[in-house]
Protein chains: 2
Amino acid sequence: MRTSQMLEHLMEALRCLPGVGPKSAQRMAFHLLQRDRQGGLRLADALSQAMTEIGHCQTCRTFTEEDVCHICKNPKRQENGQLCVVESPADIAAVEATGQFSGRYFVLMGHLSPLDGIGPADIGLDLLDFRLQQGGITEVILATNPTVEGEATAHYIADLCQVHHVSASRIAHGVPVGGELELVDGTTLSHSLMGRQRLS
Amino acid sequence: MRTSQMLEHLMEALRCLPGVGPKSAQRMAFHLLQRDRQGGLRLADALSQAMTEIGHCQTCRTFTEEDVCHICKNPKRQENGQLCVVESPADIAAVEATGQFSGRYFVLMGHLSPLDGIGPADIGLDLLDFRLQQGGITEVILATNPTVEGEATAHYIADLCQVHHVSASRIAHGVPVGGELELVDGTTLSHSLMGRQRLS
Ligand SMILES: [Zn+2]
Ligand SMILES: [Zn+2]
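Residues numbered from 1 in each chain as written. Chains lettered and ligands numbered in written order. Predicted model: local features only at pLDDT ≥ 70, side-chain atom pairs only at ≥ 80, totals over all residues. Heavy atoms only, no water.

Asker: Can you tell me about the side chain of R104(A), naming the residues and giving the values?
Answerer: All names here are of chain A. Here R104 is to be found in strand β4 (residues 104–107). Although R104 is buried, it makes no salt bridge; E79 carries the closest opposite charge, 10 Å away. Reaching out from R104, the side chain makes a polar contact with the backbone oxygen of C72 at a distance of 2.8 Å. One polar contact links R104 to Q78, side chain to side chain, over a distance of 3.0 Å. Setting aside residues up to four positions removed in sequence, R104 forms contacts with T59, I71, C72, N74, R77, Q78, Q82, L83, C84 and R131. (Helix = DSSP H or I, 4+ residues; strand = E, 2+ residues; numbered from the N terminus. Buried < 20%, exposed > 50% of the residue type's maximum accessible area, 1.4 Å probe, protein only. Lys, Arg positive; Asp, Glu negative; His and termini not counted. Salt bridge = Lys/Arg side-chain N within 4 Å of Asp/Glu carboxyl O. Polar contact = N/O pair within 3.5 Å; in protein donor to acceptor, adjacent residues only side chain to side chain. Contact = heavy atoms within 4.5 Å.)

Asker: Describe the relation of the copies chain A and chain B, with residues and values.
Answerer: Overlaying chain A with chain B gives an RMSD of 0.0 Å, the required rotation being 180 degrees about an axis along which the chain moves by 0.0 Å. Viewed as a symmetry operation, the transformation between the two copies matches a two-fold axis. Identified as the residue of chain A closest to the rotation axis by C-alpha distance is A44(A), at 2.1 Å. Both copies contact each other with a shared surface, as 98% of the interface residues of chain A are interface residues in chain B too. (Least-squares fit on C-alpha atoms with pLDDT ≥ 70 in both.)

Asker: Explain the environment of S88(A) to me, and be specific about the residues and the numbers.
Answerer: Structurally, S88(A) can be placed in the loop between β3 (82–86) and α5 (89–98). Once the C-alpha coordinates of S88(A) and R196(A) are considered, the two residues, 108 residues apart in sequence, prove to be 19 Å apart.

Asker: Describe the nonpolar core, listing the residues and the values that go with them.
Answerer: Among the nonpolar cores identified, the biggest contains 91 residues, and L17(A) and L17(B) are the most heavily contacted of them. Not counting chain neighbours up to four residues away, the residues in contact with L17(B) comprise L14(A), L17(A), M28(A), L32(A) and L43(A). (Core = buried A, V, L, I, M, F, W, Y, C linked by side-chain atoms within 4.5 Å.)

Asker: Describe in detail the coordination of the zinc ion (ligand 1), supporting the description with residues and values.
Answerer: All names here are of chain A. The coordination sphere of the zinc ion (ligand 1) contains the protein donors C57 (SG), C60 (SG), C69 (SG) and C72 (SG), at a distance range of 2.3 Å. The site at the zinc ion (ligand 1) holds 4 donor atoms, and with the angles between them running 105 to 119 degrees, its shape is tetrahedral. Exposure remark for C60: the relative accessible area of 1% places this residue in the buried category. (Donors = N, O, S within 2.8 Å, 3.2 Å for Na, K, Ca; no water. Tetrahedral: all angles 85-135°; square planar, octahedral: opposite > 155°, others 65-115°.)

Asker: Account for the pattern of salt bridges, with residues named and values stated.
Answerer: All names here are of chain B. For the structure on display, the rule yields 6 salt bridges over all chains. E66 serves as the salt-bridge partner of K73, at 2.5 Å between the closest nitrogen and oxygen. By relative accessible area, K73 is classed as partly exposed at 46%. Judged by relative accessible area, which is 31%, E66 ranks as partly exposed.

Asker: Could you give me a rundown of unusual backbone geometry, with the residues and numbers involved?
Answerer: The backbone of R61(A) shows a phi angle near 70 degrees, a positive value even though the residue is not glycine. Within the secondary structure, R61(A) sits in the loop between β1 (55–56) and β2 (63–64).

Asker: So what's going on with the environment of P120(A)? Which residues, and what values?
Answerer: All names here are of chain A. With respect to the secondary-structure elements, P120 resides in the loop between β4 and α6 (125–134). We classify P120 as partly exposed; its relative accessible area is 31%. In this structure, the C-alpha to C-alpha distance between P120 and Q49, residues 71 residues apart in sequence, is 31 Å. Look past the residues within four positions of P120 in its chain and what remains in contact with it is L112, L125 and Y156.

Asker: Explain the packing of aromatic side chains to me, using residue names and the numbers behind them.
Answerer: If you walk through the whole model with that rule in mind, you get 4 aromatic pairs over all chains. Residues F30(A) and F63(B) carry aromatic rings whose centres are separated by 5.9 Å and whose planes lie at 20 degrees to one another, so their mutual orientation is stacked. Here F30(A) is found in helix α2 (residues 22–35), whereas its partner F63(B) is found in strand β2 (residues 63–64) on a different chain. Taken as a pair, F30(A) and F63(B) share a single burial class, namely buried. (Phe/Tyr/Trp six-rings, centres within 6.5 Å; stacked < 30°, edge-to-face > 60°.)

Asker: Describe the coordination of the zinc ion (ligand 2), listing the residues and the values that go with them.
Answerer: Each donor-metal-donor angle would ideally measure 109.5 degrees in four-coordinate tetrahedral geometry, or 90 or 180 degrees in six-coordinate octahedral geometry. Residue and element names in this part refer to chain B. Around the zinc ion (ligand 2), the protein contributes the donor atoms C57 (SG), C60 (SG), C69 (SG) and C72 (SG), which lie 2.3 Å from the metal centre. Sequence positions of the residues that donate to the zinc ion (ligand 2) give the spacing C-x2-C-x8-C-x2-C. For C69, a relative accessible area of 1% corresponds to the buried category. For C72, a relative accessible area of 6% translates into the label buried.

Asker: How would you summarise the pairing of strand β6 (residues 167–170) of chain B if you had to cite specific residues and measurements?
Answerer: Residue and element names in this part refer to chain B. Because side chains alternate across β6, one face comprises the buried residues S167 and S169, and the other comprises A168 and R170, equally buried. Here strand β5 (residues 139–142) runs beside β6; their pairing, made up of 4 bridges, is parallel. Residue pairing in the sheet places V140 in a bridge with A168 of β6. Between the parallel elements β5 and β6, the chain passes through helix α7 (residues 148–163) in a crossover that is right-handed. (Pairing = 2+ DSSP bridges. Right-handed = clockwise from strand over helix to strand, strands pointing away.)

Asker: For the interface of chain A and chain B, give the residues involved together with the corresponding values.
Answerer: Each side of the interface is counted separately: chain A has 58 residues, and chain B has 58 residues. For the pair chain A and chain B, the two sides together bury roughly 5700 Å², of which 71% comes from carbon and sulfur. At the junction of chain A with chain B, the criterion picks out 0 salt bridges. Linking chain A with chain B are 10 residue pairs in polar contact (both at pLDDT 80 or more), by the criterion used here. Breaking the side of chain A that touches chain B down by element, the ones donating at least two residues are α1 (5–14), α2, α3 (37–53), β2, α4 (70–73) and α5 of chain A. Among the elements that line the side of chain A that touches chain B, the one with the most residues is α3(A), at 15 residues. (Buried area = accessible area lost by both parts, 1.4 Å probe.)

Asker: Hey, could you go over the packing of α3(A) against helix α1 (residues 5–14) of chain B for me, with residue numbers and the actual values?
Answerer: Between α3(A) and α1(B), the least distance of the axes is 9 Å, while the angle of their chain directions is 145 degrees. Of the two elements, α3(A) crosses α1(B), and the hand of that crossing is left-handed. On α1(B), the residues that touch R42(A), L43(A), A46(A), L47(A), Q49(A), A50(A), M51(A) and E53(A) of α3(A) are M6(B), H9(B), L10(B), A13(B) and L14(B). A class-by-class count of the residues in the contact of α3(A) with α1(B) yields 9 nonpolar, 2 polar and 2 charged. (Axes fitted to C-alpha atoms, helices over the stretch in contact; angles between N-to-C directions. Left-handed = near helix turned anticlockwise from the far one by under 90°. Nonpolar A, V, L, I, M, F, W, Y, C, P; charged D, E, K, R; others polar.)

Listed below in structure tokens is the structure:
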């Protein structure tokens with residue numbers, strides 16, 4: 001028997017967070033109530049604002065509350081003509097942290113997965129096709145995850161690049177096969193950017 | 001360089017949760033944005049409601065949004081005259097889960113800690129004194145944590161019970177010394193309730 005319905009409700013709601021089970025939810029709820037109500041209120045505001053106002057960049061599809069994200073808006077990021085294609089917005093943060101890349105990004109928000117019904121249009125390849133057609137992109141760096149689906153997606157996009165006569169390369173050394181780009185350390189990721197190999 | 005200020009802000013706000021570092025905060029934020037915006041909004045509501053409306057029970061000091069909590073309101077929980085004293089609301093959940101206790105609770109919301117300036121009034125012992133004086137309590141079960149502070153607090157309360165001629169007992173077997181009550185499994189806690197020893 002619990003002493004508060006509202007507390008029950010909070011513990012249940014906390015379980016929408018990945019990796020949070022009943023025990024951690026209870027610990028989190030009690031911690032906030034006992035020691036950090038201001039932090040809890042700030043989190044409530046940040047959550048409702050982010051969930052309602054964050055959409056996708058019209059140019060690169062990453063998360064942003066503006067029409068076009070800070071990176072796409074920055075003219076300096078357009079100079080070298082490089083476009084790095086990643087699976088998720090978290091991968092942008094990982095590549096940025098290497099300090100090795102000064103071009104732009106394109107975020108697939110997933111990867112091709114025919115068995116799950118996820119085709120080219122679902123990962124924004126119509127928009128990518130349009131961007132390649134517009135010109136200004138000299139090299140596409142394929143930084144999808146080194147998984148079966150990530151590789152298949154990279155090859156599909158390499159073919160698209162060939163149609164538009166744009167060079168495509170795949171990040172290489174160091175990224176462990178079967179792993180996730182987001183979890184790789186900065187040095188490994190720097191190496192894989194420098195050791196990229198041309199695909200088309 | 002990040003692509004969204006609002007996302008930055010959300011990741012920072014998530015770190016008020018215990019055990020959440022920069023990496024998990026990022027994973028949580030992306031998970032909610034990508035897969036569970038409804039869950040994120042429900043969490044925002046549950047948080048702001050809980051942080052503003054949950055207070056303390058006037059009788060037992062546990063968390064509740066009402067004046068008196070469900071347990072204190074229940075006349076059946078008063079019949080056997082037992083009062084179980086615990087350090088935190090989470091401990092109520094742990095004791096309730098054993099199914100071995102049908103009395104009422106008193107929550108200290110901490111323990112005596114003279115070095116940190118936490119004295120009897122800070123853990124509600126004036127209210128406990130008042131309740132013992134009112135009568136109706138035949139036995140106080142001291143279920144504070146088996147730590148130095150928890151033991152000292154239990155002995156202090158046992159002395160208070162003696163003044164009011166109320167029997168005091170301490171939960172016993174099984175609770176590992178130096179551990180936290182909240183983390184003990186149900187069977188161990190059942191044993192320690194049954195094996196309690198009279199202190200005064
Ligand atoms: Zn963008
Ligand atoms: Zn109560």
